[in-house]
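For reference, the chains in residue letters:
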Amino acid sequence: MTDATSPGGGSGPSHRWVEAGVAVLMALFGFIVIAGSLQVGIGWGPEGPKSGFFPFYLGIVIVGASAVNLMRAVVEIDRDRLFADWDQLAQVISVVIPTTIYVLAVPWIGIYVASALLIALFMKWFGRYGWGLTLGIAVAIPAITYLLFEKWFLIPLPKGPIEDLLGL
Amino acid sequence: MEDIVNLFHGFAVVIQPFNILLMVIGILLGVIIGVLPGLGGANGVAILLPLTFSMSPTSAIIMLSCIYWGALFGGAITSVLFNIPGEPWSVATTFDGHPMAQQGRAGEALTAAFTSSFVGALFAVIVITLVAPLVAKFALQFGPAEKFSVYFLAFCSFIGMGKEPPFKTVAAMMIGFALAAVGLDSVTGQLRLTFGFPELLNGFDFLIAVIGLFGIGEILLTMEEGLSFKGRAAGINPKVVLQTWAELPRYWSTSLRSCIIGCWMGISPAGATPASFMSYGIAKRVSKNGHKFGTGEIEGVVAPETAAHAAGTSALLPMLSLGVPGSPTAAVLLGGLLIWGLQPGPLLFVEQKDFVWGLIASMYLGNIAGLIIVLTTVPLFAAILRIPFSIIAPIILVLCAIGAYTVHNSTFDVVLMLVFGVLGYLLKKCNYPLAPMVLAIVLGDKAEESFRQSLLASQGSLGVFWSNGLVGTIMALGLIALFWPIIQDAWSRLRDLAMPQRSL
């Protein structure tokens, strides 16, 4: 629920400023689009409208709409309303950080090893499962994926040094 | 008559054993997707899309559309048993479905939900069978200006009819269009908005956006809410099913009304979620048991489920006949068509008869198969939901990553997926709608192309969009949809002025 305030009365970032920040980021994106459109030309060329014609106006609408959203966020949103409390955000960030490391590691160690590590981390850290179950699932899921994709559907997935070593 | 012959030909295609097998696999996968939080119809289909690249388009669409039906059915299971809507469109089902489960009437609630889903879908498929070929035949005469006006209408309806603030919808939608514009310009062949990054040459693939926005974003939201599953037991047996079936015909008027609401909302791209709420709301107002809604009324399950399924199914009508998807999942299916080398839109009905009628026939059979499968396997799926989130979450993350990678065999896409995921979490929390953004990424190039072609023909005059009755009417409808909240407001004020005594 987007309008949930903290049940325990905890503290956290104010919804107003997060929403204002999102609007500013969107406006920034709009300016980038405008700049990019100007680079390729927004007027008429020999084949009609140039490449930047359509995106240029998109950029202007994005900036305009974001300005309205920014204003409404600042004026209309109750200043006491929380975006989420810090405990909740900590939960979210504790998923984002390992997942960031995971997606950055995939090109280097391959998707299978990275996936096994990610699953093991989650089960140990959040679930506090025993090593037996953790290792079992962490190995089984990539193994099933391997059979399904590489053997059955013949779709190769990224592999790393360990797969090379095993000769897979 | 010719269409009926084509339909029977379609049945012949679908009834091949391989296709029946795919249908059953699709429905089972779909129910799992619908049951698990973080995996929904749109991103579930997007993740599994690469698996179909090697199949024939007809087999592929049968499997993918059955995943969609399965996901629609699956949403009801979690709503009734766990009070957790597996999909946004099953939120309204929790209002009466879960109280019924608490009273030990879970079997009854589930049977009513599944049967209503089936009725809604069947109604929508009949509408598709009868209407889609006519719309397609009509749309064959469309030039670029008319094509653009149809896109215009679709996107204006999002702004005017959506429940999110209109300027947020506009911002989200235009960002989608801008993301679609990145890379090679299909008209002039020039590169744009890449700022020298070779990764951006091919632009942003909407499948990556769907997997990130809906899949990863949903997991982050679930983590924030700290879900714990406490479910009710699912007792469903033939006796309960038959008893409930005997009771259901009593609600035929609710059912019919919900079918019509659902089809209307599905074809105009409002989607299944508002359809289910609207149908529930109207049923509550009209029904003589309305005051008991929320305490476990079977009618309160029938109304939203029928409408959601009718909307979800009829969302495929504009996708097939006009090339304009009515929902994010329909958009993913449309992306699939492009990948399999088919051109979505009216020409499909002329050039790919086997495909179109195979798909329509599979909608009939898929929903019958779906009803039987969900009625017999509910306890199995309820058991899946009891797997703790700390095991399910990383597995879903891994599946999303694999799905994102396999779209273009690119690890950069996996990184992009995570960026979209965090973006999806922020946007969802700030009440920005994601569906118009995804649809804009899918349709951006086509909308721009038809816009520029129209302008080219008219030497840059916007008058081309009013140059004949047809395009003018569609544009006018678009403007009405765009300003609908203002028109509605003005209308109610006028009425108050005309009848001042009523307000006293």
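The coordinates are above.
The model shown is predicted, which means the values in this text are computed figures rather than measured ones.

So, the overall build of chain B
Argument step 1. Looking only at helices and strands, chain B has 22 helices and two strands in total.
Argument step 2. In terms of C-alpha radius of gyration, chain B reaches 22 Å, essentially the compact-globule figure of 23 Å for 504 residues.
Argument step 3. By principal-axis analysis of the C-alpha atoms, chain B measures approximately 70 × 65 × 50 Å.
Argument step 4. When the 504 residues of chain B are sorted by exposure, 61% land in the buried category.
Argument step 5. Contacts in chain B between residues far apart in sequence, at least 24 positions, make up 79% of those at least 6 positions apart.

As for the interface of chain B and chain A
Argument step 1. Counting from both sides, the interface comprises 52 residues of chain B and, opposite them, 54 residues of chain A.
Argument step 2. Of all elements in the fold, only α8 (166-181), α9 (206-225), α18 (389-408), α19 (411-429) and α20 (435-457) of chain B reach the threshold of two or more residues within the side of chain B that touches chain A.
Argument step 3. Here the element with the most residues in the side of chain B that touches chain A is α18(B); it accounts for eleven residues.
Argument step 4. In terms of residue class, the side of chain B that touches chain A is made up of 36 nonpolar, nine polar and seven charged.

Quick word on α19(B)
For an α-helix, 3.6 residues make a turn, and residues three or four places apart therefore share a direction.
Argument step 1. With 19 residues, α19(B) ought to run about 27 Å at 1.5 Å a step, and its terminal C-alpha atoms sit 28 Å apart, in line with that.
Argument step 2. In the stretch just after α19(B), B:Asn431 is the one whose phi turns positive, near 65 degrees.

Let's talk about the packing of helix α4 (residues 57-82) of chain B against helix α15 (residues 328-339) of chain B
Residue and element names in this part refer to chain B.
Argument step 1. At their nearest, the axes of α4 and α15 sit 11 Å apart, and the two run at 170 degrees to each other. Comparing their axes, α15 and α4 come out roughly antiparallel. The residues of α15 that touch α4, namely those facing Ala-60, Ile-61, Leu-64, Ser-65 and Tyr-68, are Thr-329, Leu-333 and Gly-336.

Some details on the packing of helix α11 (residues 252-267) of chain B against helix α13 (residues 299-314) of chain B
Residues and elements named next belong to chain B.
Argument step 1. Relative to each other, α11 and α13 sit at 35 degrees, their axes nearing to 7 Å. Once α11 is placed against α13, the crossing between them reads as right-handed. Packed against α11, whose contacting residues are Thr-254, Ser-255, Ser-258, Cys-259, Ile-261, Gly-262, Cys-263, Met-265, Gly-266 and Ile-267, the element α13 presents Glu-299, Val-302, Ala-303, Thr-306, Ala-307, Ala-308, His-309, Ala-310, Ala-311, Gly-312, Thr-313 and Ser-314 at the interface.
Argument step 2. Here the residues of the contact of α11 with α13 sort into eleven nonpolar, ten polar and one charged.

Each value, and the rule that gives it
- Residues numbered from 1 in each chain as written.
- Chains lettered and ligands numbered in written order.
- Predicted model: local features only at pLDDT ≥ 70, side-chain atom pairs only at ≥ 80, totals over all residues.
- Helix = DSSP H or I, 4+ residues; strand = E, 2+ residues; numbered from the N terminus.
- Rg over C-alpha atoms; globule rule 2.2 N^0.38 Å.
- Buried ≥ 20, exposed ≤ 12 C-beta atoms within 10 Å, placed from the backbone.
- Contact = placed C-beta atoms within 7 Å.
- Nonpolar A, V, L, I, M, F, W, Y, C, P; charged D, E, K, R; others polar.
- Expected span 1.5 Å × (residues − 1).
- Axes fitted to C-alpha atoms, helices over the stretch in contact; angles between N-to-C directions.
- Parallel < 35°, antiparallel > 145°, perpendicular 65-115°, else oblique.
- Left-handed = near helix turned anticlockwise from the far one by under 90°.

By themselves, these figures tell us nothing about what the structure is for.
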